[in-house]
Amino acid sequence: MSIPYSILRNRYNYRKERSIETNTEDDKRAPIPPPIPADVLQVVSVDLQVPANCKKHNTHRYDLCRAKDNPKLVVRRGQPFTIQVEFTKEYDANTDDLRIAFEAGDLPLESKGTNIHLTLSDEDRPKEWGAKIVSQQGNQVTIEVYTPPTCYIGQWNLKIDVVKKLDTNVNVYRYQHADPIYILFNPWCKDDSVYMEDATLLKEYVMNETGKIYIGTKNSITEKPWNFAQFETCILDVALYLIDVANISWSVRGNPVPIVRKLSAMVNSVDDDGVVMGGWSGKYADGRPPNSWTGSATILEVYWSTKRPVKYGQCWVFSGIATTICRALGIPTRCVTNYLSAHDTDGSITVDVHFTADGQRDKNSNKDSIWNFHVWNEVWMSRPDLPSGYGGWQVIDATPQEASDNIYCCGPTSVTAIAQGEVNLPYDGPFVFSEVNADCLYWVPNELGHMEVSQVDRKTIGKNISTKAANSDAREDITKAYKPDEDKSSERAAVLRAISVGSSKQNLYKQRSNDIEFNIDQIEEENILGGTFQLTLRMRNRGTSKRSVSGRIEVRTMFYTGVVADLVKTTDFTKKVIKPGEEKSQTIVATQADYDTKLKDGCMLDVTVWAVVEETDQYFTKKDDFRLRKPHLSVKAPTESTIGREFHVQISFVNPLNRELTGCYVAVDGLTHALNFPQDNVPANGTFLATLPVTPTKSGKTELIIVFNSNELDDVNVAHHVTVKKA
């Protein structure tokens, strides 16, 4: 019901005067306002024309818009939308003074741009707020509303004011719409800072609800299907809630740069009780193991209901959640995986690996690490805060590794700047550069016990940087976007430029005699879980004198973050005499009996090789990672279905372990809300076979994500394309 402002302002005094006369319970209530004069134009109803507007704005897939009861309007800034208003009588522009108001935040203010008043006009002012009548039929008026491409992102309350002037009195009769209007970034609008010219790419980076996140090792890349579900249930509300609790000022809520920086902090729980709590201990009894998640929706729904961090996540979970949140807000986003990703703890832009005199790793000195893989995000936007040419893909990283400005966040960092070694630009350039292109410095004690660099490895860090190719199931290698080829002078120039800005280690590179050539041979196809792991160190004498080589090869299980765990096997060799032109080798073999029960999440193995040439003090030190590949999950399922109609999926695989799998269940996601199906134990070396019922709840072309988990073996997964038709 429309109530005059003047009456609202007088309610308190009116109630106060009445309380002097009587003290009854009825009089303690607010007075009923007098009836609105019959000649005053009143709003009967407002139709936000949700289906038509949302279709034009590419927001029609949000569950908020598709709800059967009380659907909400979600639009993108910089693009007009229409509303239809029904009045109590025919609107007359000559006698009726009509204004439309949009308000945002707890304290809407015109001075802050959160209280917008629009007078109906026949003109459309580009890139500004505006409103005009496009048609009128009887008591119904259709109004087109314009928002600027810099509009603040969030929920806006719609109000319609009818202004009546009588002599010296001015009464404003206000209608307030019950539901807010959601206004988002618009990557289809060329004046928006997240504009992406290629509309086909937007199908992937904004609209695609499922995808692949790459894990494994550089030589054994595997894909983890993920249901981003950015349009489902409460997801958009969660995204805007995170912006609120991050205390992002309304004055910058139209700028994606500070928003994605804050979101990279809010996705993890450090500092601010954000969405996901990281867990790398292998002990997840009070939550869920990171490998067990199949998508973002369940995590965000739990967080929305509790407002407490969800346990547990690792880098791919943080990245999956960040993709969901950013895509929900309209920011083009993708998951990116870097293999052999450096974690530089001191800002030196190098990875420092220390050894003792006998070839043991110095645990007390080794603070830097090399992750087998690390997953972050790229978001697409212009960067007016940087010199020209540094817009486009920007790195943000929600995994809490190192604090930035005293908060565990990272980015946005220009990918172009990283490729050029320009690490002094905001934000977090030195850290991101180190992840993809740091040199590894191997330190050993000299004859006086002082540590010095024995070897510089320039080609270890940053391999096979991967993302899902747009509108394809293929993997796209984007390494060259981050750095030139390792053998090109431009790559070395980028490293030297970065070191000159952010490091004090320019003069630590010392040359030694290196007439022994060391190489490591390993047959990747044999790295199958349950099989035998074998590695050979080959040593060839390219000099003119015989050489004596001693060393050690050590295999340990490890976490994917590069933290070593249990010893699997070690072998030492002493004074292998190698004549000029001769080659000798040392092999290490680890069987299932050696590594069974010791493997950590991801089935990773760390191999450290250390060798020294007695006559020349030439050192060879090398760390590498390998992955034991899990079995493939076979699936038989239809490629077409109908919404609401159940179909069955058959899945199977062979247990590669010599022990029974217990606590088994299968998680299904993608076509419907995430479901778990408990399963019987799987015998040692036995075949698992299950048939599961699936009922699609949304239409369109998407992926059915299926993951088998057990106490002994987890994350055996598969993704299957299904096109779901409407009933």
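Below is a summary of the structure that appears in this document. The model shown is predicted, which means the values in this text are computed figures rather than measured ones.

### Regarding the overall build of the chain
When its secondary structure is counted, the chain shows 13 helices and 39 strands. Projected onto the principal axes, the alpha-carbon positions of the chain cover approximately 110 × 60 × 55 Å. Expressed as a percentage of the 727 residues in the chain, the buried residues total 55%. Put simply, 68% of the contacts in the chain that link residues at least 6 apart link residues at least 24 apart. When the 83 positive and 94 negative side-chain charges of the chain are each reduced to one mean point, those points stand 2 Å apart.

### Regarding the side chain of D179
Following the sequence through the fold, D179 ends up in the loop between strand 10 (169-176) and strand 11 (181-184). No salt bridge is formed by the buried D179; its nearest oppositely charged neighbour, K72, is found at 4.4 Å. A polar side-chain atom of D179 sits 3.1 Å from a polar atom in the side chain of N70. Among residues more than four places away in sequence, those in contact with D179 are N70 and K72.

### Focus on the pattern of salt bridges
Taken as a whole, this structure holds 40 salt bridges when the rule is applied. Close ionic contact of D286 with K311 constitutes a salt bridge, the shortest N to O distance being 3.1 Å. Of this pair, D286 sits in the loop between strand 14 (276-278) and helix 7 (297-306) while K311 sits in strand 15 (residues 310-313); the two residues are 25 residues apart in sequence, bridging distant segments of the chain. Take K311: its relative accessible area is 28%, and that puts it in the partly exposed class.

### A look at the packing of aromatic side chains
Counted according to the given criterion, the structure contains 25 aromatic pairs. Between the aromatic rings of Y284 and Y312, the centroid separation amounts to 5.7 Å while the plane-to-plane angle is 50 degrees, which identifies the pairing as tilted. With Y284 in the loop between strand 14 and helix 7 and Y312 in strand 15, this residue pair connects regions lying 28 residues apart in the sequence. Under the relative-accessibility criterion, Y284 is labelled buried at 9%. On the basis of relative accessible area, Y312 is assigned to the buried category, the value being 10%. Pairwise contacts between aromatic rings join F102, W129, Y152, W156 and W250 into one cluster. Between the NZ or CZ atom of R288 and the centre of the ring of W293, over which it lies, the distance is 4.0 Å.

What counts, and where the lines are drawn
- Residues numbered from 1 in each chain as written.
- Predicted model: local features only at pLDDT ≥ 70, side-chain atom pairs only at ≥ 80, totals over all residues.
- Heavy atoms only, no water.
- Helix = DSSP H or I, 4+ residues; strand = E, 2+ residues; numbered from the N terminus.
- Buried < 20%, exposed > 50% of the residue type's maximum accessible area, 1.4 Å probe, protein only.
- Contact = heavy atoms within 4.5 Å.
- Lys, Arg positive; Asp, Glu negative; His and termini not counted.
- Charge placed at Lys NZ, Arg CZ, Asp CG, Glu CD.
- Salt bridge = Lys/Arg side-chain N within 4 Å of Asp/Glu carboxyl O.
- Polar contact = N/O pair within 3.5 Å; in protein donor to acceptor, adjacent residues only side chain to side chain.
- Phe/Tyr/Trp six-rings, centres within 6.5 Å; stacked < 30°, edge-to-face > 60°.
- Lys NZ or Arg CZ within 6 Å of the ring centre and 35° of its normal.

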